[in-house]
Amino acid sequence: MKKIIISTLAVSALLFTTSCENDFDTDVKDIQVTSGEANFSNYVSLGNSLTSGYRDGALYSSGQNESYPSIIAMQMKLAGGGAFKQPLMPNDVGGFIGLPGFPGKLTLQVTASGSLGPVASSPAAALDNVTAGGPYHNMGVPGAKSFHLVAPGYGSAANLALGAANPYFVRFATSATTSVLQDAMAQKPTFFSLWIGNNDVLSYATNGGTNSQTVGGVTTYTPATVQSGNVNPLTYKSNDISDPNLVAGSIKGVLDGLKSVGTTKGVIANIPYVTSIPFFTTVPYNPLTPTTLGANLATLNTNLYGPLKQALTAFGAGDRINLLSSTSSNPVLIKDVALTDLSAQLTAALTPALGLPTATAFGQIFGQARQATSEDYILLTTSSLIGTAAPGAPAPANVYGISYPLQNQHVLTKTEASYVKTAVDAYNNSIKSLADSYGLAFVDGNAKMVELNGKSGIIYDGVRYTAKFVTGGAFSLDGVHLTGRGYAVIANEFIKSINTKYKSTLPQVDPNKYSGVKFP
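Notes on the structure follow. (Residues numbered from 1 in each chain as written. Predicted model: local features only at pLDDT ≥ 70, side-chain atom pairs only at ≥ 80, totals over all residues. Heavy atoms only, no water.)

**Quick look at the overall build of the protein chain**
- Looking only at helices and strands, the protein chain features 16 helices and 17 strands.
- The C-alpha radius of gyration computed for the protein chain amounts to 25 Å, which stays within 12% of the reference 24 Å derived for 520 residues, consistent with globular compactness.
- The dimensions of the protein chain, computed from C-alpha atoms along their principal axes, are 80 × 55 × 45 Å.
- Split into buried and exposed, the 520 residues of the protein chain put 53% on the buried side.
- The contacts in the protein chain between residues at least 6 apart in sequence include a share of 73% that link residues at least 24 apart. (Helix = DSSP H or I, 4+ residues; strand = E, 2+ residues; numbered from the N terminus. Rg over C-alpha atoms; globule rule 2.2 N^0.38 Å. Buried < 20%, exposed > 50% of the residue type's maximum accessible area, 1.4 Å probe, protein only. Contact = heavy atoms within 4.5 Å.)

Spelled out as structure tokens, the structure:
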């Protein structure tokens with residue numbers, strides 16, 4: 001028996017039914033693979049890091065070979081699809097020597113504390129140029145926002161220093177003035193996929209709703225802007241949430257550009273809720289157990305939490321901080337910039353007991369402090385910070401998350417999370433509308449990510465995939481991007497949508513045959 005994984009639509013079309021407890025149908029015999037109403041001979045994919053095959057905090061060659069477009073292209077070859085070229089990195093480490101902020105991939109290693117955790121590798125090669133090997137069918141550019149796909153000069157090496165270009169696109173852009181869209185149009189694809197818009201909100205979320213600036217070695221953080229009514233991205237800072245009209249207009253620009261060269265058939269996906277991925281769901285809001293705090297618990301209540309609770313109650317803000325529990329887990333302290341700043345009031349109230357200098361410091365530290373709730377998201381990168389000393393803070397109010405608030409850049413607060421959800425909902429409404437109006441196949445990537453994040457996850461041939469960090473199988477070590485297995489799950493969603501829309505019978509793949517997190 002020939003074993004092929006194929007969509008429910010294709011099976012139904014062949015009047016074949018089977019009972020299945022998994023997320024795809026298996027053991028289908030003698031299925032003829034066809035392109036239906038589509039033409040897969042020249043497939044081009046556009047998008048960002050998710051399209052490129054980025055994983056483990058870097059773009060590297062073996063990860064690229066398991067990108068979801070590469071997986072789809074292999075299935076398309078069974079129905080007349082052509083070659084699918086990717087701008088492969090020169091090594092299996094990733095990163096760029098000489099470019100700060102582009103380390104090599106994360107690997108699981110035993111740290112100095114004896115725990116197992118992700119550690120970034122040193123980049124293995126300088127920025128190279130692979131234009132001569134093109135044109136490339138995978139045009140996923142890590143870090144690209146929706147408007148970057150239509151931005152001229154986004155692949156200009158000269159623009160890198162200005163922050164107006166992307167090194168990943170610099171590698172394979174056909175000229176210094178071209179755009180991702182223009183290079184895609186030049187190939188006159190017969191079929192395309194588009195998954196873009198995630199970074200228009202993701203960078204806001206992964207940076208705790210802040211923008212940063214480093215001057216003289218000192219980094220300061222300011223709240224990022226939720227752009228509304230401003231469709232000029234040149235005025236945006238790097239982590240601002242993009243205006244929904246800008247995102248919709250940019251995506252429409254891509255679709256119109258492709259349509260102008262005769263590319264009218266393709267598939268487009270919506271944006272997942274970023275708070276359904278391990279980067280935001282791994283670190284609990286209440287990791288401070290009585291065992292962890294030990295004898296310090298009573299001291300903290302007497303010398304810090306009690307006095308703060310009493311003072312804040314007098315100002316009508318007593319709900320910000322409660323005494324630490326000796327019987328259950330306690331939330332971390334965080335700074336919430338959405339709160340009224342009570343620094344001056346706290347300073348005045350604490351001065352008689354602490355003296356003016358100490359009271360002033362405490363007022364500044366706790367003026368917008370509160371304990372986290374289940375509606376806040378502690379970033380994955382914040383995990384190693386909790387319990388360490390905050391530079392420059394006076395003891396004993398200097399322990400991150402315990403006696404010193406985690407700062408704005410360390411946490412996505414419930415208010416900031418609501419901004420993210422509102423933006424994603426607006427983006428997704430536009431994406432679905434555009435898919436319908438342009439007659440394209442549509443992938444509900446958001447629903448699939450929510451499903452992965454559910455308690456039961458997704459089961460393929462007896463293997464369960466969830467959004468649990470490291471052990472869930474679907475997400476890589478950066479907590480944002482997928483493993484090869486996770487990308488295969490997404491590839492199947494694209495394949496199912498393509499088959500439904502264009503009456504093709506592309507077989508699905510078995511995610512279990514792709515790579516996951518590697519353990520030492």
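**Brief notes about unusual backbone geometry**
- With an omega of 0°, the peptide bond running from glycine 134 to proline 135 counts as cis.
- Between alanine 395 and proline 396 the backbone carries a cis peptide bond, its omega angle lying at 5°.
- With respect to the helices, strands and loops of the structure, proline 396 is situated in the loop between strand 12 (377–378) and strand 13 (411–412).
- The phi dihedral of aspartate 56 is positive, around 55°, even though this residue is not glycine.
- Relative to the assigned elements, aspartate 56 resides in the loop between helix 2 (49–52) and helix 3 (61–64).

**Side note on the packing of helix 4 (residues 68–76) against helix 16 (residues 484–502)**
- Put simply, helix 4 and helix 16 touch, their axes get as near as 8 Å, and they point 50° apart. With respect to their mutual orientation, helix 4 and helix 16 come out oblique. Taken as a pair, helix 4 and helix 16 cross one another with a handedness that is right-handed. Contact residues: Tyr68, Ile71, Ile72, Gln75 and Met76 in helix 4; Gly484, Tyr487, Ala488, Ile490, Ala491, Phe494, Ile495 and Ile498 in helix 16.
- When grouped by side-chain class, the residues that make up the contact of helix 4 with helix 16 number 11 nonpolar, two polar and no charged. (Axes fitted to C-alpha atoms, helices over the stretch in contact; angles between N-to-C directions. Parallel < 35°, antiparallel > 145°, perpendicular 65-115°, else oblique. Left-handed = near helix turned anticlockwise from the far one by under 90°. Nonpolar A, V, L, I, M, F, W, Y, C, P; charged D, E, K, R; others polar.)

In short, geometric facts, not functional conclusions.
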